[in-house]
Amino acid sequence: YLTNQELRESNARSYPRRIPIAIKEANGIMVKDVEGKNYFDCLAGAGTLALGHNHPVVIEAIQKVLHHQLPLHTLDITTPVKDEFIGELFKILPKEFSSKAKILFCGPTGADAVEAAIKLVKTATGKRSIFSFHGAYHGMTHGALSLTGNVSPKQSVANLMPDVHFLPYPYSYRCPFQQGGDLGAQTSSHYVQHVLDDPESGIVSPAGMIMEIVQGEGGVIPAPNSWIDQIRSITQDRGIPLIIDEVQTGLGRTGKLFAFEHSGIVPDVVILSKAIGGSLPLSVVVYDESLDKWSPGAHAGTFRGNQMAMAAGTATIRFIQENKLEIQADKLGNKMMASLKEVQKNSSSIGEVRGRGLMIGVEIVNTQQSPNKMQSYPPYPELARQIQHECLKRGLILELGGRYGSVVRFLPPLIVTEKQVDIICEIFDTAIQ
Ligand code: PMP
(Lines give C-alpha, C1' and ligand atoms only; values in the text may rest on other atoms or scores of the structure.)
Protein backbone atom coordinates (compact mmCIF):
# COMPACT_ATOMS: atom_id res chain seq x y z
CA TYR A 1 0.00 0.00 0.00
CA LEU A 2 0.92 3.64 -0.45
CA THR A 3 0.86 5.84 2.67
CA ASN A 4 -2.15 7.67 4.13
CA GLN A 5 -1.04 10.85 2.40
CA GLU A 6 -0.32 9.27 -0.99
CA LEU A 7 -3.60 7.41 -1.52
CA ARG A 8 -6.14 9.47 -3.41
CA GLU A 9 -9.67 9.92 -2.07
CA SER A 10 -10.82 12.17 -4.86
CA ASN A 11 -8.88 14.83 -6.64
CA ALA A 12 -11.90 17.09 -6.91
CA ARG A 13 -11.64 20.18 -4.78
CA SER A 14 -15.14 19.81 -3.38
CA TYR A 15 -13.90 17.22 -0.88
CA PRO A 16 -12.28 18.88 2.12
CA ARG A 17 -10.48 15.70 3.27
CA ARG A 18 -10.52 16.71 6.90
CA ILE A 19 -9.76 13.13 7.90
CA PRO A 20 -6.48 12.54 6.11
CA ILE A 21 -6.13 8.78 6.45
CA ALA A 22 -6.70 5.86 4.07
CA ILE A 23 -8.57 2.92 5.54
CA LYS A 24 -7.60 -0.58 4.49
CA GLU A 25 -9.51 -2.80 6.95
CA ALA A 26 -12.63 -2.46 9.06
CA ASN A 27 -14.42 -4.58 11.63
CA GLY A 28 -17.25 -3.52 13.93
CA ILE A 29 -16.53 -0.07 15.29
CA MET A 30 -12.81 -0.28 14.43
CA VAL A 31 -10.98 0.63 11.24
CA LYS A 32 -7.28 0.25 10.39
CA ASP A 33 -5.37 2.63 8.13
CA VAL A 34 -2.80 1.64 5.51
CA GLU A 35 -0.01 2.30 7.99
CA GLY A 36 -1.46 -0.15 10.52
CA LYS A 37 -2.96 2.33 13.01
CA ASN A 38 -6.37 1.50 14.55
CA TYR A 39 -9.22 3.97 15.06
CA PHE A 40 -12.65 4.00 16.67
CA ASP A 41 -15.01 4.97 13.87
CA CYS A 42 -17.51 7.40 15.36
CA LEU A 43 -18.41 8.75 11.95
CA ALA A 44 -19.62 5.35 10.71
CA GLY A 45 -20.58 6.61 7.26
CA ALA A 46 -22.47 9.53 8.83
CA GLY A 47 -24.75 7.08 10.59
CA THR A 48 -24.92 4.52 7.76
CA LEU A 49 -23.15 1.70 9.58
CA ALA A 50 -25.76 0.87 12.22
CA LEU A 51 -24.19 -2.57 12.76
CA GLY A 52 -20.64 -1.33 12.27
CA HIS A 53 -18.30 -2.52 9.55
CA ASN A 54 -18.69 -5.99 8.05
CA HIS A 55 -21.21 -7.33 10.52
CA PRO A 56 -21.56 -11.13 10.03
CA VAL A 57 -25.33 -10.94 9.36
CA VAL A 58 -24.77 -8.31 6.66
CA ILE A 59 -21.91 -10.25 5.05
CA GLU A 60 -23.99 -13.43 5.12
CA ALA A 61 -26.94 -11.69 3.44
CA ILE A 62 -24.73 -10.29 0.68
CA GLN A 63 -23.04 -13.66 0.18
CA LYS A 64 -26.42 -15.35 -0.12
CA VAL A 65 -27.35 -13.07 -3.01
CA LEU A 66 -24.04 -13.78 -4.73
CA HIS A 67 -23.92 -17.54 -4.10
CA HIS A 68 -27.48 -18.37 -5.08
CA GLN A 69 -27.44 -16.58 -8.42
CA LEU A 70 -30.07 -14.16 -7.20
CA PRO A 71 -30.55 -11.32 -9.70
CA LEU A 72 -28.26 -8.39 -9.00
CA HIS A 73 -30.36 -5.90 -10.90
CA THR A 74 -33.87 -6.04 -12.29
CA LEU A 75 -34.83 -2.38 -12.70
CA ASP A 76 -38.42 -2.15 -11.43
CA ILE A 77 -39.30 -5.81 -11.78
CA THR A 78 -39.85 -7.14 -8.31
CA THR A 79 -37.92 -10.00 -6.70
CA PRO A 80 -38.33 -12.08 -3.52
CA VAL A 81 -35.41 -10.11 -2.02
CA LYS A 82 -37.23 -6.83 -2.61
CA ASP A 83 -40.51 -8.19 -1.29
CA GLU A 84 -38.78 -9.42 1.87
CA PHE A 85 -37.19 -6.00 2.42
CA ILE A 86 -40.54 -4.23 2.09
CA GLY A 87 -42.11 -6.72 4.51
CA GLU A 88 -39.41 -6.18 7.17
CA LEU A 89 -39.47 -2.40 6.84
CA PHE A 90 -43.25 -2.23 7.10
CA LYS A 91 -43.20 -4.50 10.16
CA ILE A 92 -41.15 -1.96 12.12
CA LEU A 93 -42.91 1.23 10.97
CA PRO A 94 -45.65 2.34 13.39
CA LYS A 95 -48.98 0.79 12.33
CA GLU A 96 -50.84 4.14 12.24
CA PHE A 97 -48.47 5.14 9.46
CA SER A 98 -47.65 1.88 7.67
CA SER A 99 -51.22 0.56 7.43
CA LYS A 100 -52.04 3.10 4.72
CA ALA A 101 -48.59 3.76 3.32
CA LYS A 102 -46.98 3.22 -0.06
CA ILE A 103 -43.27 2.72 -0.69
CA LEU A 104 -41.24 4.19 -3.51
CA PHE A 105 -37.70 3.00 -4.18
CA CYS A 106 -35.41 5.84 -5.16
CA GLY A 107 -31.84 6.06 -6.37
CA PRO A 108 -29.03 5.00 -4.09
CA THR A 109 -28.67 8.21 -2.09
CA GLY A 110 -30.60 10.14 0.51
CA ALA A 111 -30.77 13.11 -1.85
CA ASP A 112 -32.49 10.93 -4.48
CA ALA A 113 -35.26 10.20 -2.01
CA VAL A 114 -35.53 13.87 -1.01
CA GLU A 115 -35.96 14.81 -4.69
CA ALA A 116 -38.66 12.16 -5.07
CA ALA A 117 -40.50 13.30 -1.93
CA ILE A 118 -40.62 16.89 -3.17
CA LYS A 119 -41.98 15.82 -6.55
CA LEU A 120 -44.48 13.61 -4.75
CA VAL A 121 -46.04 16.37 -2.64
CA LYS A 122 -45.98 18.89 -5.48
CA THR A 123 -47.75 16.40 -7.73
CA ALA A 124 -50.27 15.43 -5.07
CA THR A 125 -51.20 18.96 -4.00
CA GLY A 126 -50.70 20.85 -7.27
CA LYS A 127 -48.89 23.49 -5.19
CA ARG A 128 -45.39 24.86 -5.59
CA SER A 129 -43.69 26.11 -2.48
CA ILE A 130 -41.91 24.07 0.18
CA PHE A 131 -41.18 24.97 3.80
CA SER A 132 -37.85 23.95 5.22
CA PHE A 133 -35.87 25.01 8.32
CA HIS A 134 -32.76 26.99 9.09
CA GLY A 135 -29.84 24.65 9.57
CA ALA A 136 -31.57 21.81 7.68
CA TYR A 137 -29.56 19.39 5.58
CA HIS A 138 -31.25 17.36 2.86
CA GLY A 139 -28.50 16.66 0.33
CA MET A 140 -26.43 18.18 -2.42
CA THR A 141 -28.44 17.73 -5.63
CA HIS A 142 -30.21 20.81 -6.96
CA GLY A 143 -33.63 20.26 -5.37
CA ALA A 144 -32.28 18.90 -2.09
CA LEU A 145 -29.69 21.67 -1.89
CA SER A 146 -32.46 24.26 -2.29
CA LEU A 147 -33.99 22.89 0.92
CA THR A 148 -30.70 22.98 2.81
CA GLY A 149 -30.60 25.75 5.36
CA ASN A 150 -26.92 26.62 5.33
CA VAL A 151 -25.99 29.24 2.82
CA SER A 152 -22.34 28.27 2.21
CA PRO A 153 -22.90 25.16 0.02
CA LYS A 154 -25.50 27.06 -2.05
CA GLN A 155 -23.65 30.31 -2.57
CA SER A 156 -21.96 29.47 -5.84
CA VAL A 157 -24.98 27.75 -7.42
CA ALA A 158 -27.48 30.02 -9.07
CA ASN A 159 -31.11 29.21 -9.92
CA LEU A 160 -31.85 26.65 -7.27
CA MET A 161 -35.47 25.54 -6.78
CA PRO A 162 -37.60 28.65 -6.25
CA ASP A 163 -40.36 29.00 -3.64
CA VAL A 164 -38.50 27.49 -0.70
CA HIS A 165 -39.18 29.28 2.59
CA PHE A 166 -37.00 28.77 5.63
CA LEU A 167 -38.45 28.77 9.13
CA PRO A 168 -36.66 28.91 12.48
CA TYR A 169 -35.68 25.54 13.96
CA PRO A 170 -35.74 25.27 17.78
CA TYR A 171 -31.97 25.52 18.26
CA SER A 172 -32.00 26.43 21.90
CA TYR A 173 -28.28 27.24 22.36
CA ARG A 174 -28.55 29.87 19.61
CA CYS A 175 -32.26 30.57 19.68
CA PRO A 176 -33.25 33.27 17.17
CA PHE A 177 -35.88 34.49 19.66
CA GLN A 178 -33.44 35.31 22.47
CA GLN A 179 -34.98 32.69 24.70
CA GLY A 180 -33.94 29.06 24.64
CA GLY A 181 -35.65 25.86 25.74
CA ASP A 182 -39.35 25.18 25.40
CA LEU A 183 -40.24 28.86 25.34
CA GLY A 184 -38.03 29.49 22.31
CA ALA A 185 -39.48 26.40 20.62
CA GLN A 186 -43.00 27.64 21.29
CA THR A 187 -42.17 31.03 19.78
CA SER A 188 -40.81 29.22 16.74
CA SER A 189 -44.03 27.27 16.22
CA HIS A 190 -46.12 30.43 16.73
CA TYR A 191 -44.01 32.09 14.07
CA VAL A 192 -44.66 29.20 11.64
CA GLN A 193 -48.39 29.53 12.32
CA HIS A 194 -48.25 33.29 11.80
CA VAL A 195 -46.38 33.02 8.48
CA LEU A 196 -48.95 30.53 7.19
CA ASP A 197 -51.98 32.48 8.27
CA ASP A 198 -50.88 36.02 7.43
CA PRO A 199 -51.93 36.79 3.85
CA GLU A 200 -49.34 39.58 3.79
CA SER A 201 -46.50 37.09 4.27
CA GLY A 202 -46.95 36.37 0.57
CA ILE A 203 -46.77 32.63 1.12
CA VAL A 204 -49.51 30.69 -0.54
CA SER A 205 -50.25 27.38 1.11
CA PRO A 206 -47.16 25.22 0.49
CA ALA A 207 -47.01 21.81 -1.21
CA GLY A 208 -45.27 20.45 1.87
CA MET A 209 -42.99 21.00 4.82
CA ILE A 210 -39.76 19.02 5.23
CA MET A 211 -37.91 18.61 8.51
CA GLU A 212 -35.48 16.53 10.53
CA ILE A 213 -36.42 15.51 14.06
CA VAL A 214 -32.76 15.86 15.05
CA GLN A 215 -30.78 18.07 12.68
CA GLY A 216 -27.61 16.09 12.00
CA GLU A 217 -25.29 17.95 9.64
CA GLY A 218 -26.84 21.14 11.01
CA GLY A 219 -25.09 20.53 14.35
CA VAL A 220 -26.94 17.68 16.12
CA ILE A 221 -29.92 19.71 17.25
CA PRO A 222 -32.81 17.69 18.68
CA ALA A 223 -36.20 19.39 18.38
CA PRO A 224 -38.33 19.23 21.56
CA ASN A 225 -41.29 16.82 21.34
CA SER A 226 -43.74 19.62 22.17
CA TRP A 227 -42.52 21.62 19.16
CA ILE A 228 -42.81 18.60 16.86
CA ASP A 229 -46.38 18.07 18.09
CA GLN A 230 -47.23 21.72 17.42
CA ILE A 231 -45.75 21.60 13.92
CA ARG A 232 -47.76 18.45 13.22
CA SER A 233 -51.01 20.10 14.36
CA ILE A 234 -50.27 23.27 12.37
CA THR A 235 -49.61 21.30 9.19
CA GLN A 236 -52.47 18.87 9.76
CA ASP A 237 -55.02 21.63 10.36
CA ARG A 238 -54.02 23.30 7.11
CA GLY A 239 -53.69 20.12 5.02
CA ILE A 240 -49.95 20.56 4.47
CA PRO A 241 -48.09 17.26 3.94
CA LEU A 242 -45.36 16.86 6.55
CA ILE A 243 -42.20 15.16 5.25
CA ILE A 244 -39.89 13.76 7.90
CA ASP A 245 -36.32 13.26 6.70
CA GLU A 246 -35.08 10.21 8.63
CA VAL A 247 -32.05 9.65 6.39
CA GLN A 248 -29.68 10.01 9.34
CA THR A 249 -31.97 9.39 12.31
CA GLY A 250 -33.81 6.30 11.03
CA LEU A 251 -33.41 2.72 12.28
CA GLY A 252 -32.67 3.13 15.95
CA ARG A 253 -30.00 5.82 15.99
CA THR A 254 -31.91 8.23 18.25
CA GLY A 255 -33.17 5.63 20.71
CA LYS A 256 -36.39 4.85 18.80
CA LEU A 257 -36.60 2.91 15.56
CA PHE A 258 -37.72 6.15 13.89
CA ALA A 259 -37.06 9.56 15.43
CA PHE A 260 -40.63 10.76 14.81
CA GLU A 261 -41.77 8.12 17.32
CA HIS A 262 -40.31 10.19 20.18
CA SER A 263 -43.25 12.54 19.94
CA GLY A 264 -45.72 10.03 18.55
CA ILE A 265 -46.73 12.08 15.51
CA VAL A 266 -47.86 10.40 12.30
CA PRO A 267 -46.05 11.98 9.33
CA ASP A 268 -47.38 12.04 5.77
CA VAL A 269 -44.04 11.18 4.19
CA VAL A 270 -40.90 9.54 5.60
CA ILE A 271 -37.57 9.59 3.79
CA LEU A 272 -35.12 6.78 4.60
CA SER A 273 -31.60 5.95 3.45
CA LYS A 274 -28.19 5.32 5.06
CA ALA A 275 -28.76 2.53 7.65
CA ILE A 276 -31.64 0.86 5.78
CA GLY A 277 -29.19 -0.42 3.14
CA GLY A 278 -27.10 -2.18 5.79
CA SER A 279 -24.02 -0.18 4.63
CA LEU A 280 -24.85 -0.43 0.91
CA PRO A 281 -26.60 2.37 -1.04
CA LEU A 282 -30.38 2.38 -0.84
CA SER A 283 -33.09 4.98 -0.31
CA VAL A 284 -36.87 4.93 -0.14
CA VAL A 285 -39.81 7.24 0.40
CA VAL A 286 -42.73 5.85 2.39
CA TYR A 287 -45.88 7.96 2.15
CA ASP A 288 -49.55 8.14 2.91
CA GLU A 289 -51.63 6.55 0.16
CA SER A 290 -53.69 9.75 -0.21
CA LEU A 291 -50.61 11.36 -1.81
CA ASP A 292 -50.26 8.61 -4.41
CA LYS A 293 -51.42 10.69 -7.32
CA TRP A 294 -48.52 10.12 -9.70
CA SER A 295 -49.30 9.06 -13.20
CA PRO A 296 -47.44 5.84 -14.10
CA GLY A 297 -43.86 6.63 -15.05
CA ALA A 298 -43.94 10.06 -13.41
CA HIS A 299 -40.93 9.08 -11.34
CA ALA A 300 -38.45 6.56 -12.67
CA GLY A 301 -34.73 5.79 -12.62
CA THR A 302 -32.38 2.92 -13.47
CA PHE A 303 -30.84 2.14 -10.11
CA ARG A 304 -33.71 2.13 -7.69
CA GLY A 305 -33.15 -0.51 -5.07
CA ASN A 306 -30.01 -2.57 -5.48
CA GLN A 307 -30.63 -6.22 -4.58
CA MET A 308 -27.55 -6.61 -2.40
CA ALA A 309 -28.45 -3.43 -0.53
CA MET A 310 -31.98 -4.70 0.06
CA ALA A 311 -30.67 -8.05 1.34
CA ALA A 312 -28.17 -6.27 3.61
CA GLY A 313 -30.96 -3.91 4.71
CA THR A 314 -33.32 -6.77 5.58
CA ALA A 315 -30.59 -8.42 7.68
CA THR A 316 -29.85 -5.11 9.42
CA ILE A 317 -33.50 -4.39 10.21
CA ARG A 318 -33.94 -7.91 11.64
CA PHE A 319 -30.79 -7.70 13.74
CA ILE A 320 -31.72 -4.28 15.14
CA GLN A 321 -35.18 -5.50 16.01
CA GLU A 322 -34.14 -8.86 17.49
CA ASN A 323 -31.45 -7.25 19.63
CA LYS A 324 -33.46 -4.13 20.48
CA LEU A 325 -30.55 -1.96 19.40
CA GLU A 326 -32.69 1.18 19.61
CA ILE A 327 -33.00 0.62 23.37
CA GLN A 328 -29.26 0.04 23.54
CA ALA A 329 -28.71 3.27 21.57
CA ASP A 330 -30.85 5.13 24.08
CA LYS A 331 -28.99 3.67 27.07
CA LEU A 332 -25.47 4.07 25.69
CA GLY A 333 -26.32 7.47 24.23
CA ASN A 334 -27.32 8.67 27.70
CA LYS A 335 -24.12 7.25 29.13
CA MET A 336 -22.00 8.92 26.45
CA MET A 337 -23.82 12.22 26.88
CA ALA A 338 -23.30 12.08 30.68
CA SER A 339 -19.56 11.41 30.23
CA LEU A 340 -19.23 14.23 27.70
CA LYS A 341 -21.01 16.56 30.14
CA GLU A 342 -18.35 15.61 32.69
CA VAL A 343 -15.70 16.58 30.14
CA GLN A 344 -17.56 19.87 29.69
CA LYS A 345 -17.15 20.66 33.39
CA ASN A 346 -13.37 20.78 32.94
CA SER A 347 -13.34 22.52 29.60
CA SER A 348 -14.39 26.08 29.01
CA SER A 349 -14.46 25.49 25.24
CA ILE A 350 -17.62 23.40 25.29
CA GLY A 351 -20.79 25.46 24.93
CA GLU A 352 -23.26 22.60 24.88
CA VAL A 353 -23.43 18.80 24.82
CA ARG A 354 -26.68 17.62 23.24
CA GLY A 355 -28.26 14.86 21.23
CA ARG A 356 -30.59 11.91 21.22
CA GLY A 357 -29.49 8.30 21.47
CA LEU A 358 -26.22 7.71 19.67
CA MET A 359 -26.40 10.98 17.76
CA ILE A 360 -24.47 13.41 19.92
CA GLY A 361 -22.92 16.80 19.30
CA VAL A 362 -20.46 18.89 21.31
CA GLU A 363 -20.56 22.57 20.38
CA ILE A 364 -17.15 24.21 20.60
CA VAL A 365 -17.24 27.89 21.53
CA ASN A 366 -14.87 30.76 22.09
CA THR A 367 -15.07 31.83 25.72
CA GLN A 368 -12.34 34.42 25.17
CA GLN A 369 -15.07 36.54 23.62
CA SER A 370 -18.16 37.85 25.37
CA PRO A 371 -21.37 35.83 25.42
CA ASN A 372 -24.57 37.19 23.90
CA LYS A 373 -27.72 38.02 25.89
CA MET A 374 -28.62 34.34 26.08
CA GLN A 375 -25.21 33.49 27.50
CA SER A 376 -24.09 31.62 24.39
CA TYR A 377 -20.55 32.17 23.21
CA PRO A 378 -19.43 32.62 19.59
CA PRO A 379 -18.72 29.41 17.65
CA TYR A 380 -15.08 28.37 17.37
CA PRO A 381 -14.65 26.26 14.21
CA GLU A 382 -10.83 26.52 14.21
CA LEU A 383 -10.67 24.95 17.67
CA ALA A 384 -13.23 22.29 16.70
CA ARG A 385 -10.96 21.31 13.79
CA GLN A 386 -8.00 21.15 16.12
CA ILE A 387 -9.91 18.92 18.55
CA GLN A 388 -10.97 16.67 15.67
CA HIS A 389 -7.31 16.41 14.64
CA GLU A 390 -6.13 15.66 18.20
CA CYS A 391 -8.76 12.90 18.44
CA LEU A 392 -7.64 11.42 15.14
CA LYS A 393 -4.03 11.35 16.37
CA ARG A 394 -5.27 9.35 19.39
CA GLY A 395 -7.26 6.87 17.27
CA LEU A 396 -10.75 8.38 17.21
CA ILE A 397 -12.56 9.41 14.03
CA LEU A 398 -15.14 12.16 14.55
CA GLU A 399 -16.85 14.48 12.09
CA LEU A 400 -17.70 18.16 12.41
CA GLY A 401 -21.01 19.79 11.61
CA GLY A 402 -23.15 22.71 12.53
CA ARG A 403 -23.81 26.00 10.87
CA TYR A 404 -20.29 27.15 11.62
CA GLY A 405 -18.50 23.80 11.49
CA SER A 406 -18.00 24.08 15.23
CA VAL A 407 -19.92 21.03 16.44
CA VAL A 408 -18.01 17.80 17.02
CA ARG A 409 -20.34 14.93 16.12
CA PHE A 410 -20.43 11.43 17.63
CA LEU A 411 -22.25 8.83 15.50
CA PRO A 412 -20.86 5.44 16.58
CA PRO A 413 -22.40 2.23 15.23
CA LEU A 414 -25.32 1.04 17.38
CA ILE A 415 -23.33 -2.07 18.33
CA VAL A 416 -20.84 0.03 20.34
CA THR A 417 -20.22 -1.43 23.82
CA GLU A 418 -20.18 0.33 27.20
CA LYS A 419 -16.44 -0.17 27.46
CA GLN A 420 -15.91 1.36 24.02
CA VAL A 421 -18.06 4.35 25.01
CA ASP A 422 -15.74 4.86 28.01
CA ILE A 423 -12.61 4.70 25.86
CA ILE A 424 -14.07 7.07 23.24
CA CYS A 425 -14.95 9.65 25.92
CA GLU A 426 -11.52 9.27 27.52
CA ILE A 427 -9.79 9.92 24.19
CA PHE A 428 -11.99 12.97 23.62
CA ASP A 429 -11.24 14.23 27.13
CA THR A 430 -7.47 13.90 26.66
CA ALA A 431 -7.65 15.47 23.20
CA ILE A 432 -9.65 18.48 24.37
CA GLN A 433 -7.43 19.02 27.42
N1 PMP B 1 -30.95 14.10 4.62
C2 PMP B 1 -30.25 14.02 5.76
C3 PMP B 1 -30.94 14.29 7.06
C4 PMP B 1 -28.89 13.69 5.74
O5 PMP B 1 -28.21 13.64 6.89
C6 PMP B 1 -28.29 13.44 4.50
C7 PMP B 1 -26.81 13.06 4.39
N8 PMP B 1 -26.00 13.36 5.44
C9 PMP B 1 -29.05 13.54 3.33
C10 PMP B 1 -30.39 13.85 3.43
C11 PMP B 1 -28.46 13.30 1.98
O12 PMP B 1 -28.09 11.98 1.81
P13 PMP B 1 -27.01 11.61 0.71
O14 PMP B 1 -25.70 12.15 1.15
O15 PMP B 1 -27.00 10.11 0.67
O16 PMP B 1 -27.48 12.19 -0.57
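Residues numbered from 1 in each chain as written. Predicted model: local features only at pLDDT ≥ 70, side-chain atom pairs only at ≥ 80, totals over all residues.

**Let's talk about unusual backbone geometry**
For step 1, the next point in the chain: If you check the backbone angles, Asp-163 has positive phi at about 60° while not being a glycine.
For step 2, the next point in the chain: With respect to the helices and strands, Asp-163 occurs in the loop between α6 (142-146) and β6 (164-167).
For step 3, the next point in the chain: Even without glycine at this site, Leu-251 takes up a positive phi of about 70°.
For step 4, the next point in the chain: Within the element layout of this structure, Leu-251 appears in the loop between β10 (242-245) and β11 (269-272). (Helix = DSSP H or I, 4+ residues; strand = E, 2+ residues; numbered from the N terminus.)

**Let's talk about the site of the ligand**
For step 1, the next point in the chain: Taken together, the neighbourhood of the ligand is formed by 15 residues, with Thr-109, Gly-110, Ala-111, Gly-139 and Val-247 sitting nearest.
For step 2, the next point in the chain: Per element, the largest residue contribution to the shell around the ligand is 3 residues, and it comes from helix α5 (residues 110-125).
For step 3, the next point in the chain: Looking at the shell around the ligand, its residues break down into 5 nonpolar, 7 polar and 3 charged. (Near = placed C-beta within 6 Å. Nonpolar A, V, L, I, M, F, W, Y, C, P; charged D, E, K, R; others polar.)

**Focus on the domain arrangement of the chain**
For step 1, the next point in the chain: When cut into domains, the chain gives domain 1 (23-54 + 324-432) and domain 2 (59-322).
For step 2, the next point in the chain: Domain 1 and domain 2 are separated by 25 Å when their C-alpha centres are compared.
For step 3, the next point in the chain: Each partner contributes to the interface: domain 1 provides 33 residues, whereas domain 2 provides 30 residues.
For step 4, the next point in the chain: Breaking the side of domain 1 that touches domain 2 down by element, the ones donating at least two residues are α1 (44-47), α10 (325-345), β13 (350-356), β14 (359-364) and β17 (407-410).
For step 5, the next point in the chain: Within the side of domain 1 that touches domain 2, the residues separate by chemical class into 12 nonpolar, 12 polar and 9 charged. (Domains from an automatic or database assignment. Contact = placed C-beta atoms within 7 Å.)

**Comments concerning the sheet that holds strand β15 (residues 396-397)**
For step 1, the next point in the chain: An order of β1-β2-β3-β15 is seen for the 4 strands of this open sheet, with the pairing classed as mixed. A single partner strand is all that each edge strand has here, and the edge strands are β1 (23-27) and β15.
For step 2, the next point in the chain: Both strand β3 (residues 38-41) and β15 contribute to a ladder of 2 bridges, which runs parallel. Pairing of Asp-41 across the sheet is with Ile-397, part of β15. (Pairing = 2+ DSSP bridges.)

**A short note on the sheet that holds β11**
Strand pairs in the sheet, formed through backbone hydrogen bonds, run parallel or antiparallel to each other.
For step 1, the next point in the chain: Ordered in space as β4-β12-β11-β10-β7-β5-β6, the 7 strands form an open sheet in which the pairing is mixed. A strand with exactly one partner marks an edge of an open sheet, and here the two such strands are β4 (101-105) and β6. Sheet twist, expressed as the mean angle between neighbouring strand axes with direction ignored, is 20°.
For step 2, the next point in the chain: Bridging between strand β5 (residues 130-133) and strand β7 (residues 208-211) involves 2 bridges; their strand directions are parallel. Bridge pairing in β7 links Phe-131 to Met-209. (Axes fitted to C-alpha atoms, helices over the stretch in contact; angles between N-to-C directions.)

**Re α5**
For step 1, the next point in the chain: Look at α5: 23 Å from first C-alpha to last across 16 residues, which is about the 22 Å you get at 1.5 Å a residue.
For step 2, the next point in the chain: The buried count for α5 comes to 12 of 16 residues, which makes it a mostly enclosed element.
For step 3, the next point in the chain: Within α5 the residues assigned to the buried category are Gly-110, Ala-111, Asp-112, Ala-113, Val-114, Glu-115, Ala-116, Ala-117, Ile-118, Leu-120, Val-121 and Ala-124.
For step 4, the next point in the chain: Directly after α5, the chain includes Gly-126, whose backbone phi takes a positive value near 70°. (Expected span 1.5 Å × (residues − 1). Buried ≥ 20, exposed ≤ 12 C-beta atoms within 10 Å, placed from the backbone.)

**Thoughts on the confidence of the model for the chain**
For step 1, the next point in the chain: Confidence in the prediction of the chain, expressed as mean pLDDT, is 93, and 96% of residues score 70 or more.
For step 2, the next point in the chain: Predicted complex metrics record ipTM = 0.99 and pTM = 0.96. (pLDDT = per-residue confidence, 0-100.)

**Some points on the pairing of β17**
For step 1, the next point in the chain: The side-chain alternation of β17 yields two buried faces, one formed by Val-407 and Arg-409 and the other by Val-408 and Phe-410.
For step 2, the next point in the chain: Note that β14 and β17 share 4 bridges and pair antiparallel. Its bridge partner lying in β17, Ile-360 is registered against Phe-410.
For step 3, the next point in the chain: Bridge count for strand β16 (residues 399-401) against β17 is 3 bridges, and the pairing is antiparallel.

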